[in-house]
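Structure assessment
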Amino acid sequence: MFAALPVNFTFRKYGKVLAAFVLLIVSGCAGTKRVPADDALFTGFNVQVDGKNDSSNRQKLMETELSATVRPKPNFSILGMRPKLAIYNTFYTEKEKGLKHWIQTKLGEPPVLISAVDTGNVNEIMSSRLHNRGYFNNAVQSKTNIKVKKATIDWRAFVSEPYRIRKIEYTLADSLPVHQDIQATEAGSLVIPGEPYDLEKMTGERVRIDANLKNKGYYYFSPDMLIFSVDTTVGNRQADVLMRLKKDVPSPSLRPYKIDDIYIFANYNLGDSLSVSDTIDYKGFHYIPNENYVRARHLLRGVFLEQDSLYSRQDHLLTINRLAGLPAYKYVNIDYKPDTTQTGKLDSFIYLTPAFKKTLRMEGRYVSKSNNFAGPGITISFRNRNALKGSELLSVDFIGNFESQVGGRGSGTPPEGQQDLNKNLSSYELGVQTSLTIPRIVSPFELRNLRTEFVPKTRIGLGFNFLNRVQYFQMNSFNASYSYNWRPKKEFTHDVTPINLQYVQLANTTIAFDTLLAQNQFLRRSFEDQFIIGSIYQFTFTNQLETNRTHQFFDNFTLDGSGNLINGLQSLTGAEDPEEDMPRTIFGKPYSQYVRAENDFRYYFNFGNESQIATRFLAGIGYAHGNSTVLPYVKQFSIGGPNSIRAFRARSIGPGTYDAPDSLTFSYFDQTGDMKLEANIEYRFPLAGFFKGAVFVDAGNIWLLNETLKPNGEPDKPGGLFKGNEFMSQLAVGTGFGLRIDVDFFVMRFDVGIPVRSPNMPDGEQNVLSDLKFGFKGDNSLTLNIAIGYPF
């Protein structure tokens, strides 16, 4: 996780940046200064469809479709300003190289002139589009308006009732099987009697029929072998549609084919001589050349072609996708050739080109984490994409990080006689994480091979991590896991970890940290040496892979539990009931017992030119019971930071209205809780080139489900307990704006957070917006978040 980097900009410097930005925007007002005297700047257009007698109610749809035909488009604008044109004018130069030329051409945009708009040609294109939608009698007019060297165009299309389909007939009288197979698809026709004539649907109908035939063996068939005839003379604005095969269709296209021999070249490289003499026959497949690379029994789980079965495009694509998902291979191709000895048979040739088997990569980076630690890091990664001759991916990552605290939770001056231990606080981390990903389900039970284009996976993980947080503690962490991952459809993903083992050991604590643990029972119990032994289930739904959708959704649900099975077994064997200070143990160490659930729901509304409204609602709850009174520290919830409520620093909010005393604010302290609610909304819009802008509002908080008490009986964190009738008034609220540099494969994000409501302030003073300080230092100030990637 990347987090806020507090930057001590002075207001004076901030004012200079703001002034420069304002000057740049104002310069957009001079957007016509490079427009020739006899021309005008094309600033906008309007398209109106006049269909008073049109009962199809498609006017708005047609206006949108006709608007898309206008070429060229006016210069990009937002709120009446044209920033890309302003950049072009500001940095205009006739030189063909240099910084100004680069800014002018890459970030700027030349003025779009009205002389470049061929209204006659656009009128014809619009009329053709209307004709294709059934408006055979239409008229398109345009009017150009010029005022002070700025021009707009009004297009108006006049339509009447569209022609409608009266009936559709498949004129297939021939006795060949292809005619019966085409006739059998009629029930799913896209061309429906009573609906308006639509050329796009007719084109789609040919593609639909071809797809059906491809799955019935017609390998050589294609959509252009079908032809539609439309008769519009039947009267009353109706049309009869006749569909038939062309007369000159080649005979191989009219015959279904079956698969005969299947050859698999398991170690193919371009230029190889394709000899089939050195072959292993395995379950009816010809495996070439041998099993020295990937064993046949593992590879064939991704092959869905079968001998003596009809050729099927569905099975063809399924096989390509499954084999392409194997780490051992870089390219997959399938070719078919007519069998030389049998009519109506195809031989299949599967070519698999191996990827580099072993790679070693070293990555250096500067890391900023969600706990305000930042510093250099290095990762050395080893990959073996075919570790056990079954396309297993073996990954070994050696990790090293050195970090320093770049900003504490609090601000101002620490209490008298207390050192600000956050200042120059350093930490280093060393670890190794090993995982083996097997491209199939490995279980004690025999499971059927899933017919999905995504490779099911089994993951085995093992790792160790050593953390040394100077002035406080050292921690050893061991982990092991066994997981399954499968995607029955592209929208759904299941991830099940039946075995999730962790052991956290706190070591070599300092006097300062021991004092904190003694004073804070909640923190002490969070850091106890303990096992986490349980299971995790994750379910994810998303349709974001369909990039052209207006409405996109993402939902991730996680259910995590630990200790419940072991505690039940110990109860059955007569073990003594656990007590607060004497929990049950395994291997001499206590284990955590809890149930934790979290749901992350997101909705994206896409509109305009790369504009988007992104929303997120996140809810989580964890309950420690039985053998535990507190959730493990690594399982507790926190809020705030660059991917959360950006107006507040990471882990600095809550729980509830709790206000941490200065004695803790200026030492090691993170705000955590058992329950979390968070909501975000962000408007994202393009600026210029790969520069994007954003305006956002964030809200949320964390709470405790059970209070821990001090020895004197007072709550450890007063105001932190969740109460159903009060939680809405305890939400932290922040707003702000951001700049993103989005170059597709990499996004650098700069967000300025503005605090609006701080729940830890006294009643009547929680609205902190009125006391906002224009700077990045001190209470109620702005927060600068620098991060990689979008927050959600």
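Residues numbered from 1 in each chain as written. Predicted model: local features only at pLDDT ≥ 70, side-chain atom pairs only at ≥ 80, totals over all residues. Heavy atoms only, no water.

Within an unreviewed UniProt entry, the label attached to the protein reads BamA/TamA family outer membrane protein, and the organism entered is Pontibacter populi. Per UniProt, the comment on the protein under Subcellular location (unreviewed entry) is "Membrane". (UniProt positions renumbered as here; feature names shortened; annotations may be inferred.)

On to the overall build of the protein, then. Each helix and strand in the protein was counted, giving 13 helices and 29 strands. A total of 792 residues make up the protein; the buried ones form 47% of that total. Partitioning the contacts of the protein with sequence separation of at least 6, the portion at a separation of at least 24 is 66%. When the accessible surface of the protein is totalled, it reaches about 39900 Å², and 56% of it is carbon and sulfur. (Helix = DSSP H or I, 4+ residues; strand = E, 2+ residues; numbered from the N terminus. Buried < 20%, exposed > 50% of the residue type's maximum accessible area, 1.4 Å probe, protein only. Contact = heavy atoms within 4.5 Å. Areas by Shrake-Rupley, 256 points an atom, 1.4 Å probe, with all protein chains shown as cover.)

So, on to the nonpolar core. The biggest cluster of nonpolar side chains holds 27 residues, and the ones touching the most others in it are Ile-264, Leu-299, Tyr-329 and Ile-350. Elements supplying a minimum of two residues to this core: strand 7 (258-265), strand 9 (285-288), helix 8 (296-299), strand 10 (329-338) and strand 11 (345-354). For this core, the element with the highest residue contribution is strand 10, accounting for four residues. In this structure Tyr-329 touches Ala-266, Tyr-293, Val-294, Leu-299, Leu-323, Leu-352, Thr-353, Pro-354 and Ala-355, once residues within four positions along its chain are discounted. Counting 22 residues, the second-largest nonpolar core is a separate cluster that includes Tyr-163, Ile-165, Met-243 and Leu-254. (Core = buried A, V, L, I, M, F, W, Y, C linked by side-chain atoms within 4.5 Å.)

Let us look at the pattern of salt bridges. With the rule as written, the count across this model stands at 32 salt bridges. One salt bridge in this structure joins Arg-646 and Asp-698, with 3.0 Å as the shortest N-O distance. Taken as a pair, Arg-646 in the loop between strand 24 (611-624) and helix 13 (662-665) and Asp-698 in strand 26 (residues 691-703) lie far apart in primary sequence, 52 residues in all. The pair formed by Arg-646 and Asp-698 is uniform in burial state, with each residue classed as buried. The closest approach of N and O atoms between Asp-751 and Arg-749, which form a salt bridge, is 2.8 Å. A relative accessible area of 0% means that Asp-751 is categorised as buried. Take Arg-749: its relative accessible area is 0%, and that puts it in the buried class. Salt bridges linked by common partners bring Arg-646, Glu-682, Arg-684, Asp-698, Arg-740, Arg-749 and Asp-751 together as one network. (Salt bridge = Lys/Arg side-chain N within 4 Å of Asp/Glu carboxyl O.)

Quick look at the sheet that holds strand 7 now. The five strands lie next to each other as 8-9-7-11-10, forming an open sheet whose pairing is mixed. Two strands lie at the open edges of the sheet, namely strand 8 (280-282) and strand 10, each paired on one side alone. Taking the axes of each pair of neighbouring strands and ignoring which way they run, one obtains an average angle of 25° across the sheet. In terms of strand pairing, strand 7 meets strand 11 through six bridges, oriented parallel. Across the sheet, Phe-265 pairs through a bridge with Tyr-351, a residue of strand 11. Against the sheet, helix 9 (residues 313-324) touches strand 10 and strand 11, its axis set at about 155° to strand 10. (Pairing = 2+ DSSP bridges. Axes fitted to C-alpha atoms, helices over the stretch in contact; angles between N-to-C directions.)

Turning our attention to the packing of aromatic side chains. The relation between two aromatic rings is expressed through the spacing of the ring centres and the mutual angle of the planes. By the definition in use, this model includes 37 aromatic pairs. Aromatic side chains Tyr-472 and Phe-513 sit 6.0 Å apart centroid to centroid with 80° between the ring planes, which places their arrangement in the edge-to-face category. Taken together, the positions of Tyr-472 in the loop between strand 16 (457-469) and strand 17 (473-489) and Phe-513 in helix 10 (residues 511-519) put the pair 41 residues apart, joining distant regions of the chain. Neither Tyr-472 nor Phe-513 differs from the other in exposure class; each is buried. With a centroid separation of 5.1 Å and 35° between ring planes, the pair formed by Phe-553 and Tyr-603 is classed as tilted. Taken together, the residues span a long stretch of sequence, with Phe-553 in strand 20 (residues 551-562) and Tyr-603 in strand 23 (residues 594-607) at a distance of 50 residues. The class for Tyr-603 is partly exposed, based on a relative accessible area of 22%. Among the aromatic side chains, those forming a connected cluster through ring pairs are Tyr-219, Tyr-220, Tyr-257, Tyr-311 and Tyr-336. It is Arg-646 that lies over the ring of Phe-696; its NZ or CZ is 3.8 Å from the centre. (Phe/Tyr/Trp six-rings, centres within 6.5 Å; stacked < 30°, edge-to-face > 60°. Lys NZ or Arg CZ within 6 Å of the ring centre and 35° of its normal.)

Relative to the helices and strands, Thr-458 is located in strand 16. Of the residues examined, Thr-458 reaches a relative accessible area of 0% and is grouped as buried. At 3.0 Å, the side chain of Thr-458 forms a polar contact with the backbone nitrogen of Val-442. Ignoring any residue separated from it by four or fewer positions in sequence, one finds Thr-458 in contact with Leu-436, Thr-437, Ile-438, Arg-440, Ile-441, Val-442, Tyr-482, Ser-483 and Tyr-484. (Polar contact = N/O pair within 3.5 Å; in protein donor to acceptor, adjacent residues only side chain to side chain.)

To continue, consider unusual backbone geometry. With glycine set apart, most residues show a phi of negative sign, and most peptide bonds adopt trans. Cis geometry is adopted by the peptide bond preceding Pro-72, which originates at Arg-71 and carries an omega value of -10°. Structurally, Pro-72 is set in the loop between helix 2 (59-67) and helix 3 (83-90). The peptide bond linking Gly-654 to Pro-655 adopts the cis configuration, its omega dihedral lying at -5°. Relative to the helices and strands, Pro-655 resides in the loop between strand 24 and helix 13.

A few words now on a nonpolar patch on the surface. A contiguous nonpolar surface patch, about 520 Å² in accessible area, is contributed by Leu-360, Met-362, Ile-378, Ile-380 and Phe-398. Residue assignment for the nonpolar patch shows that the elements contributing at least two residues are strand 12 (358-368) and strand 13 (373-384). In this fold, Leu-360 is placed in strand 12. (Patch = residues over 30% accessible without salt bridge, like charges linked within 9 Å, V, L, I, M, F, W, Y side chains within 5 Å.)

As a further point, take the confidence of the model for the protein. Of all residues in the protein, 89% have pLDDT values of 70 or greater, and the mean over the chain is 86. A low-confidence stretch, residues 1-29 stays under pLDDT 50, and its non-local contacts, those more than four residues away or across chains, total 46 contacts. Confidence drops under a pLDDT of 50 for residues 406-415, and excluding neighbours within four residues, the segment shows 31 contacts in the predicted structure. (pLDDT = per-residue confidence, 0-100.)

Okay, the side chain of Gln-474 next. Tracing the backbone through its elements, the reader meets Gln-474 in strand 17. One polar contact links Gln-474 to Asn-508, side chain to side chain, over a distance of 2.7 Å. Other than its neighbours up to four places away in sequence, Gln-474 contacts Phe-466, Leu-467, Asn-468, Gln-505, Leu-506, Ala-507 and Asn-508.

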